[in-house]
Amino acid sequence: MKQMILTAAALSLAATAASSETVLKIQSSAQSGAYEYSYLEDEWGKRLAAMTGGEVTVEFFPINAIVDRNETPEAVMAGVLSGDLNSVAYFTGRNPAFAIMGDLIAGYDSPEQVQTFCRHGGGRDALQELWEAVLPGAMHVVGCGAVSKEALVSKVEIRGVADLEGVKIRSPSGLAATVFQKAGAAPVSMSISDVFTSLEKGVIDAADASAYINNSTSGFHQVAKFPLYPGIHSMAMRQFVINQGVWDGMTEDQQLAVETWFYAAYDDLRRQLDLQDKQQVQADEAAGDITVVDWSQEERDKFRVLAAEAWEETAEKSPEARKALDAHYAFMKQIGLLK
């Protein structure tokens, strides 16, 4: 009888432990074949469980796997997803502020600066305030950050601002598109999952895609032999948001663990991508099949001037956009990027 009671108690405890586990179903903005996606899944998926004693686990899905890249907020609200690791700029159609928060084109010198803005410079709070204005009470912004200064995929040689004239370039709508338009390019909005076929068929000539290594592992360089590296434009901000109800259901220790896990994962991923970028560039240059284009500082400065004009134009489109740009300005002055 005693053994039966002990067995029943053990089963009850096991059931309680199982029922208390929180499984975070997270859709990413990365393709399944990209280095970024594989590294997060393989190296960091298991670590959240370890950090929480199995109380919180994570299951990743690649871009568009569950819902369209633009529809993750509704999926998070409905509980179809627990949250997302999505590019903030994808939500530009909801409010121009998402363009400024998502990628201040040519604004920062390094992804480390963007991550510091998010974590310590008011960026996370600004993003939370923006979501509260758009979808009140829907989700909690755990954190945000950039993992790379993106390279530019191109089938044609683009040696400077003048060479962008007439180039059909895949770009998120909003701020990035405005900057490319100012340089004379013709932006085309499409999911990153459509980039390879569109390059191959000549629908586009170039693409604002991802880090050099992500572009390489995604196969873009097979059809686009003139990548720009280091990048000239984008350090896309990813957000990590969780359904507000799911977040509120966690203990304070679990919440702290999830936040710590995210920033540790993104710090690690940022360093890994930088190393992988450099190694892949060296290998490609040695092989001779790919021409890696590095803009002069003079051309980069010209592009930044165009970008700054676009920042201000976008900031005038909504009160939230103005606040978002002012948040960037305050931090950039703090670290000496602006006077």
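Please refer to the structure higher up on the page.
A short tour of the structure in this document, coming up. (Residues numbered from 1 in each chain as written. Predicted model: local features only at pLDDT ≥ 70, side-chain atom pairs only at ≥ 80, totals over all residues. Heavy atoms only, no water.)

Moving on, we come to the environment of phenylalanine 180. With respect to the helices and strands, phenylalanine 180 occurs in helix H7 (residues 175–182). The class of phenylalanine 180 is buried, set by a relative accessible area of 1%. Each C-alpha atom of the pair phenylalanine 180 and isoleucine 169 lies 8.2 Å from the other, and the pair is 11 residues apart in sequence. Those residues in contact with phenylalanine 180, other than ones at most four positions away along the chain, are Leu152, Ile169, Ser171, Ala185, Pro187, Asp208, His233 and Phe303. (Helix = DSSP H or I, 4+ residues; strand = E, 2+ residues; numbered from the N terminus. Buried < 20%, exposed > 50% of the residue type's maximum accessible area, 1.4 Å probe, protein only. Contact = heavy atoms within 4.5 Å.)

This brings us to the packing of aromatic side chains. Working definition: an aromatic ring pair is given by the centre-to-centre distance plus the angle between the planes. Tallied over the entire structure, the rule returns 15 aromatic pairs. Between phenylalanine 240 and tryptophan 261 the ring centres are 5.9 Å apart and the planes differ by 65°, which places this aromatic pair in the edge-to-face class. Of this pair, phenylalanine 240 sits in strand E9 (residues 238–243) while tryptophan 261 sits in helix H11 (residues 252–287); the two residues are 21 residues apart in sequence, bridging distant segments of the chain. As far as the burial class goes, phenylalanine 240 and tryptophan 261 line up, both buried. Taken together, Phe60, Phe240, Trp261, Phe262, Tyr263 and Tyr266 form an aromatic cluster joined through their ring pairs. (Phe/Tyr/Trp six-rings, centres within 6.5 Å; stacked < 30°, edge-to-face > 60°.)

A few words now on the pairing of strand E4 (residues 139–145). Burial analysis of E4 places 7 of its 7 residues in the buried class, which makes it a mostly covered element. Relative to E9, E4 runs antiparallel, the two sharing 6 bridges. By the bridge assignment, cysteine 144 is partnered in E9 with glutamine 239. (Pairing = 2+ DSSP bridges.)

To continue, consider the packing of H7 against helix H12 (residues 297–315). Following both chains from N to C, one finds H7 and H12 inclined at 130°, their axes separated by 9 Å at the closest point. With respect to H12, the axis of H7 lies oblique. In the packing of H7 onto H12, the handedness of the crossing is right-handed. Within the contact between the two elements, H7 uses Leu175, Thr178, Val179, Phe180 and Lys182 and H12 uses Phe303, Leu306, Ala307, Glu309, Ala310, Trp311, Glu313 and Thr314. Of the residues assigned to the contact of H7 with H12, the class counts are 8 nonpolar, 2 polar and 3 charged. (Axes fitted to C-alpha atoms, helices over the stretch in contact; angles between N-to-C directions. Parallel < 35°, antiparallel > 145°, perpendicular 65-115°, else oblique. Left-handed = near helix turned anticlockwise from the far one by under 90°. Nonpolar A, V, L, I, M, F, W, Y, C, P; charged D, E, K, R; others polar.)

Don't take any of this as a statement about function, it's just geometry.
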